[in-house]
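# Observations on the three-dimensional arrangement
Read off the chains here:
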Amino acid sequence: KEILEKYHDLFTLQWEGVIGNIRVPSQAEWEQLLTNCSAFLFYGMERLMSQILLNRLAAMNIPKCHLMIILDLVRSKQSYRRITNSDIHKSCLHIAIERPKETAMLLSLTGVRSIIANQWYTTLQENAERLEILFENLLSIGRTTGQTVHILQK
């Protein structure tokens, strides 16, 4: 929340979203946010794709989304329990599609133009630091996505 407040003035007037600790978005909300955005930020626990119905996402057309930032793959005891309970009802193939590389490929096929995502599990603190670097460089300084990713890799 602190980071969002810090960069609030640099966002467009059409900044929309759902803060997950208030409530979990419905499938319809996910679809509306994804299809109407020029940029999309997910900052949350476990895998983004565990939140969205994959068969619905695969059928979507998201050409307006120029940049998707996925800061997920954070694990806590509670999130691990929740994802494990969810995963037991999924096939191995379904779980495999939720992995980072496969997620990026699927989103690319739906029309998302650029994707910045974690490759492995991390901490909330590390994701907060990444988000700060992303917003500082993309919004305040005006660097390109490629320049910003290069800075993140250092």
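Residues numbered from 1 in each chain as written. Predicted model: local features only at pLDDT ≥ 70, side-chain atom pairs only at ≥ 80, totals over all residues. Heavy atoms only, no water.

The next subject is the pattern of salt bridges. Opposite charge on two side chains permits them to pair, given that their charged atoms come into close proximity. Applying the stated rule across the entire model yields 7 salt bridges. Between Glu46 and Arg75 there is a salt bridge, with its nearest N and O atoms 3.2 Å apart. On the criterion of sequence distance, the pair formed by Glu46 in the loop between strand 1 (39–45) and helix 3 (54–58) and Arg75 in the loop between strand 2 (67–74) and helix 4 (77–87) is long-range, its members being 29 residues apart. On the accessibility criterion, Arg75 (40% relative accessible area) is partly exposed. Salt-bridge contacts for Asp87 lead to Lys90; the nearest nitrogen and oxygen are separated by 3.6 Å. (Salt bridge = Lys/Arg side-chain N within 4 Å of Asp/Glu carboxyl O. Helix = DSSP H or I, 4+ residues; strand = E, 2+ residues; numbered from the N terminus. Buried < 20%, exposed > 50% of the residue type's maximum accessible area, 1.4 Å probe, protein only.)

Turning our attention to the packing of helix 7 (residues 124–141) against helix 8 (residues 145–153). Two elements in contact, helix 7 and helix 8, have axes whose closest approach is 10 Å; the angle formed by their N-to-C orientations is 145°. Helix-helix and strand crossings are classified by hand; for helix 7 and helix 8 the assignment is right-handed. Taking contact as the criterion, the partners of Arg130, Ile133, Leu134, Asn137 and Leu138 in helix 7 are, on helix 8, Thr145, Thr148, Ile151 and Leu152. For the contact of helix 7 with helix 8, a count of residues per class yields 5 nonpolar, 3 polar and 1 charged. (Axes fitted to C-alpha atoms, helices over the stretch in contact; angles between N-to-C directions. Left-handed = near helix turned anticlockwise from the far one by under 90°. Contact = heavy atoms within 4.5 Å. Nonpolar A, V, L, I, M, F, W, Y, C, P; charged D, E, K, R; others polar.)

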